[in-house]
Protein chains: 6
Amino acid sequence: MRRAVYPGNFDPITNGHLDIIARASTIFDEVVVAVGMNLGKSPMFTAEERMDMIRQACSHLPNVKAAMYTGLTVVFAASQGASVIVRGLRALSDFDYEFEMALTNRRLDDTIETVFLMTNAEYSFLSSSLVKEVSSFGGSVEGLVPSVVVDFLSRKLR
Amino acid sequence: MRRAVYPGNFDPITNGHLDIIARASTIFDEVVVAVGMNLGKSPMFTAEERMDMIRQACSHLPNVKAAMYTGLTVVFAASQGASVIVRGLRALSDFDYEFEMALTNRRLDDTIETVFLMTNAEYSFLSSSLVKEVSSFGGSVEGLVPSVVVDFLSRKLR
Amino acid sequence: MRRAVYPGNFDPITNGHLDIIARASTIFDEVVVAVGMNLGKSPMFTAEERMDMIRQACSHLPNVKAAMYTGLTVVFAASQGASVIVRGLRALSDFDYEFEMALTNRRLDDTIETVFLMTNAEYSFLSSSLVKEVSSFGGSVEGLVPSVVVDFLSRKLR
Amino acid sequence: MRRAVYPGNFDPITNGHLDIIARASTIFDEVVVAVGMNLGKSPMFTAEERMDMIRQACSHLPNVKAAMYTGLTVVFAASQGASVIVRGLRALSDFDYEFEMALTNRRLDDTIETVFLMTNAEYSFLSSSLVKEVSSFGGSVEGLVPSVVVDFLSRKLR
Amino acid sequence: MRRAVYPGNFDPITNGHLDIIARASTIFDEVVVAVGMNLGKSPMFTAEERMDMIRQACSHLPNVKAAMYTGLTVVFAASQGASVIVRGLRALSDFDYEFEMALTNRRLDDTIETVFLMTNAEYSFLSSSLVKEVSSFGGSVEGLVPSVVVDFLSRKLR
Amino acid sequence: MRRAVYPGNFDPITNGHLDIIARASTIFDEVVVAVGMNLGKSPMFTAEERMDMIRQACSHLPNVKAAMYTGLTVVFAASQGASVIVRGLRALSDFDYEFEMALTNRRLDDTIETVFLMTNAEYSFLSSSLVKEVSSFGGSVEGLVPSVVVDFLSRKLR
């Protein structure tokens, strides 16, 4: 059985993330969406809220589960018995950052392979921070995020 | 009549910005230089000071005016009756950011088109933050910013 | 009146080109789609065929016309009384090439401004050469090119 | 069982290719290294020679086989019962080309997913054309290609 | 005699920095590794600690010395009698930032030339912030930094 | 004494090349401008004509000389007693190509270091092929190339 970890902040999960999760779920036997709790920047949503949104948005994908982690991604992946880290690439991705992370992770644990999938072109401009910015100015994010996230955002911004 | 909005922080306006404004003023009937007041980071100059510098630097361009705004750029553009958002591209631009913004704005309001103009090559390295950094270390910014900005900077840094 | 020239090879016109033409036609009073005949590489379609496809694909846009030209683009634009050259940018564009062309054209005639519009994200991968490659292998290009081009391609490849 | 196709020209196979093949062979149950015969440019080695070099270089990887194909990659992949196309990314890759291909392939057959793996950093500069250029000038390519390729090259260039 | 300045934060020095220093020391008669004290962000190590690590890591390079500076890099370089600023490029460098700095420095003092050297490919992913991030999560940085830095890091993080 | 080789096609030399040569001549004791004769593409000017133009354009730089070579650049550099290869970077350079070449040359001979200098921003769009294209359409290239090249071009295109 091949298990993959898909790490990120998911603050909140977008339709671009969901697109990658769905693709990964057809390639790997199990996908663990892993909410990182490391970043210094204060997130809009707590890790529990982010997990909650992921679970609801992925409820139609039986081989996907959500988890929280802190520390090194490769250590978490190994602890889950995963041999693959999944990352999404957009045409507008920060390739340098993605490559730095992947090469570092390989150096830290070369038994875990980073695999890049390509997001749907219509989501090429989409990021969590964009969703938060548009939302905070009262713009609609319907179609950019799962409907559960629309609810969470409107509650948070009320 | 075609009105265009040129949004930015202009903290302060540089000769690169001025170059784009002058070019836009020959293509569109009216250009509104729109000073954004959204950003979390604290600017060096108040929105009023930034407007003041823009007005003085553009006094030779009769179809250019300055305005402040908060919230979504497309909403401001629509409120001004503008059908075009102008952005400058430098060879060293952050294309990804520009594309993300343009695609997002299109999604929020597809009646407003983003139009990119190219800065003069001699300004390819020029940015407001660079001007502030060089100034704060006592370097000269003559030739990089309109002369009114030289005055504002020296007063601010005194 | 502001007239714009949109130069290219259009061998053949794609839905990405058509998207840019439609956008330009809302910003400028007249758009001349200019089929270049300079390139050393032998095109799949003659200049006349390319003009024919453009005309049929743009028949719903009354302020768009097609023309052929040889020589420098800025000289052709000036001969048409155009003050603007339009270019489309895709997220996957060759920015360096676009910048080189725009800066060269500015140097050759600084009264003509190059204006960049952004293609719809769903066409970010689309190019004429791709269309020809897919076609030649028997793949379907429906949805990638105007329907008139589908006909021209199938006749050419028969 | 998950089968992956790794398409390319492999003219000739390099240690960078071999690195990607070995990584793919740990993620997928079977990897088909697919030698494309489409390109207009005349290759240095015949498709049979390229297959021969691949087979010898991969003889230690039991779940890897070589094949030739012509036409669309997705059609070949489907004919092999493969659900994944593997591509290697180098820090110096032509991302735009890779993205164009992947988005086109997805459009042609959305049941086949493109998966990108990252080449070892020490091969970031390595390409088949470089190997041929260095070889043709009498430079050593030891360490850049499998040893079987060194032999093929020296025979070809004799 | 040609003296070169290699400016940076070196918070802390990595094997990638050391690689550039060693290369520069073969090209120029003297290399001054210049620890910048300007940045708003609070560094992990004091300027003195950073100098100390540089001196120990470079003790085998007789024509290399360390210095601290504040203010404009070109002013510091001139004060040292240096005619060259050295910068390292990685395949994953932020070229735009490097170009902006180099063009700005040229504008501020055109008698000082910026010279770019290329880091060893195996360090293409390596940065000081990565070293700190990996360290803080308990990952090993052996092989990424000089051994003296391993000691400093473990003391700092204890 | 430090001797540097500046390799290229110089078909023909442009003001961008000349800018790099002048900068290199202040950093190194001797600069050999090395006209490559390897490329399959047929050049516009013979190697002798290219050398002739270089010599005339650089006659004011006493420590610059021109030479022709074939084969590997590092072998030529070593034969000249040079320890440095100089390359110019423009904001619009093909970085990937430059990096591939530099890493390959380092692998072939690690005693020779590639050093990158940055072209003047006003030449960021300038290339030999652009000069030839503009010239062939009757456009003026004054200011883009040394005056000797204007003469050579007009004679060649007559």
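Residues numbered from 1 in each chain as written. Chains lettered and ligands numbered in written order. Predicted model: local features only at pLDDT ≥ 70, side-chain atom pairs only at ≥ 80, totals over all residues. Heavy atoms only, no water.

(A) Fine view of the overall build of chain A. Of regular secondary structure, chain A possesses six helices and five strands. Secondary structure elements in chain A, listed N-terminal to C-terminal, are β-α-β-α-β-α-β-α-β-α-α. For chain A, the C-alpha radius of gyration of 15 Å lies close to 15 Å, the compact-globule estimate for 158 residues. Counting the 158 residues in chain A, one finds 63% classified as buried. Of all intrachain contacts in chain A linking residues separated by at least 6 positions in sequence, the fraction that spans at least 24 positions is 77%. Carbon and sulfur atoms make up 48% of the accessible area of chain A, which totals about 6200 Å². Side-chain charges of chain A comprise 15 positive and 18 negative groups, with the mean position of each set lying 3 Å from the other. (Helix = DSSP H or I, 4+ residues; strand = E, 2+ residues; numbered from the N terminus. Rg over C-alpha atoms; globule rule 2.2 N^0.38 Å. Buried < 20%, exposed > 50% of the residue type's maximum accessible area, 1.4 Å probe, protein only. Contact = heavy atoms within 4.5 Å. Areas by Shrake-Rupley, 256 points an atom, 1.4 Å probe, with all protein chains shown as cover. Lys, Arg positive; Asp, Glu negative; His and termini not counted. Charge placed at Lys NZ, Arg CZ, Asp CG, Glu CD.)

(B) Just the relation of the copies chain D and chain A, in detail. Laying chain D over chain A is done by rotating through 180° and shifting 0.0 Å along the axis; what remains is an RMSD of 0.0 Å. Between the two chains, the operation in question is that of a two-fold axis. Minimal C-alpha separation from the rotation axis in chain D is found for Phe 116 of chain D, amounting to 2.4 Å. When the interface residues of chain D are mapped onto chain A, 100% of them again lie at the interface, so the same face is used by both copies. (Least-squares fit on C-alpha atoms with pLDDT ≥ 70 in both.)

(C) Just the packing of aromatic side chains, in detail. By the definition in use, this model includes 24 aromatic pairs over all chains. Aromatic pair Tyr 69 of chain A and Phe 76 of chain A: ring centres 4.9 Å apart, planes at 25°, arrangement stacked. Residue classification places Tyr 69 of chain A among the buried positions, given a relative accessible area of 8%. On the basis of relative accessibility, which here comes to 9%, the residue Phe 76 of chain A falls in the buried class. Relative to Phe 10 of chain F, the ring of Tyr 6 of chain F lies with its centre 5.3 Å away and its plane at 70°, an arrangement referred to as edge-to-face. The two residues Tyr 6 of chain F and Phe 10 of chain F agree in class, both being buried. (Phe/Tyr/Trp six-rings, centres within 6.5 Å; stacked < 30°, edge-to-face > 60°.)

(D) Local environment of the sheet that holds strand E1 (residues 3–8) of chain F. Here ten strands make up an open sheet; going across it, the order is E3(E)-E2(E)-E1(E)-E4(E)-E5(E)-E5(F)-E4(F)-E1(F)-E2(F)-E3(F) and the pairing mixed. At either margin of the open sheet sits one strand with a lone partner, and together these are strand E3 (64–69) of chain E together with strand E3 (64–69) of chain F. Pairwise comparison of adjacent strand axes, ignoring direction, gives a mean angle of 35° for this sheet. Here strand E2 (residues 30–36) of chain E pairs with E3 of chain E via six bridges, running parallel. Counterpart to Ala 34 of chain E in the pairing with E3 of chain E is Ala 67 of chain E. (Pairing = 2+ DSSP bridges. Axes fitted to C-alpha atoms, helices over the stretch in contact; angles between N-to-C directions.)

(E) View of the arrangement of the chains. No part of chain B reaches chain D; the closest C-alpha pair between them is 13 Å apart. Structurally, chain A and chain F remain out of contact, their C-alpha atoms never closer than 13 Å.

(F) Seen up close, the sheet that holds strand E1 (residues 3–8) of chain B. Reading across from one edge, E3(B)-E2(B)-E1(B)-E4(B)-E5(B)-E5(C)-E4(C)-E1(C)-E2(C)-E3(C) is the order of the ten strands in this open sheet, with mixed pairing throughout. Bordering the open sheet on either side are strand E3 (64–69) of chain B together with strand E3 (64–69) of chain C, each of which pairs with just one other strand. The sheet shows a mean angle of 35° between the axes of neighbouring strands, taken without regard to direction. With two bridges joining them, E1 of chain B and strand E4 (residues 84–89) of chain B adopt parallel strand pairing. Within the sheet, the bridge partner assigned to Val 5 of chain B lies in E4 of chain B and is Ile 85 of chain B. Helix H1 (residues 15–27) of chain B rests against E1, strand E2 (30–36), E3, E4 and strand E5 (113–118) of chain B together with strand E4 (84–89) and strand E5 (113–118) of chain C of the sheet, and its axis sits at about 120° to E5 of chain B. Contacts from helix H4 (residues 95–108) of chain B reach E4 and E5 of chain B together with E4 and E5 of chain C, with the element oriented near 175° to E4 of chain B.

(G) Quick look at the confidence of the model for chain A. Scored by pLDDT, chain A has a mean of 93; 97% of the residues are at 70 or more. If you check the scores for this complex, the pTM reads 0.93 and the ipTM reads 0.93. (pLDDT = per-residue confidence, 0-100.)

(H) Broad picture of the interface of chain B and chain E. Chain B puts 14 residues into the contact, and the matching count from chain E is eleven residues. Taking both partners together, chain B and chain E bury about 1100 Å²; carbon and sulfur atoms supply 67% of that area. Our enumeration of links across chain B and chain E arrives at one salt bridge. For the salt bridge of Arg 90 of chain B with Glu 100 of chain E, the shortest nitrogen-to-oxygen distance reads 3.3 Å. Inspection of the region where chain B meets chain E yields two residue pairs in polar contact (both at pLDDT 80 or more). (Buried area = accessible area lost by both parts, 1.4 Å probe. Salt bridge = Lys/Arg side-chain N within 4 Å of Asp/Glu carboxyl O. Polar contact = N/O pair within 3.5 Å; in protein donor to acceptor, adjacent residues only side chain to side chain.)

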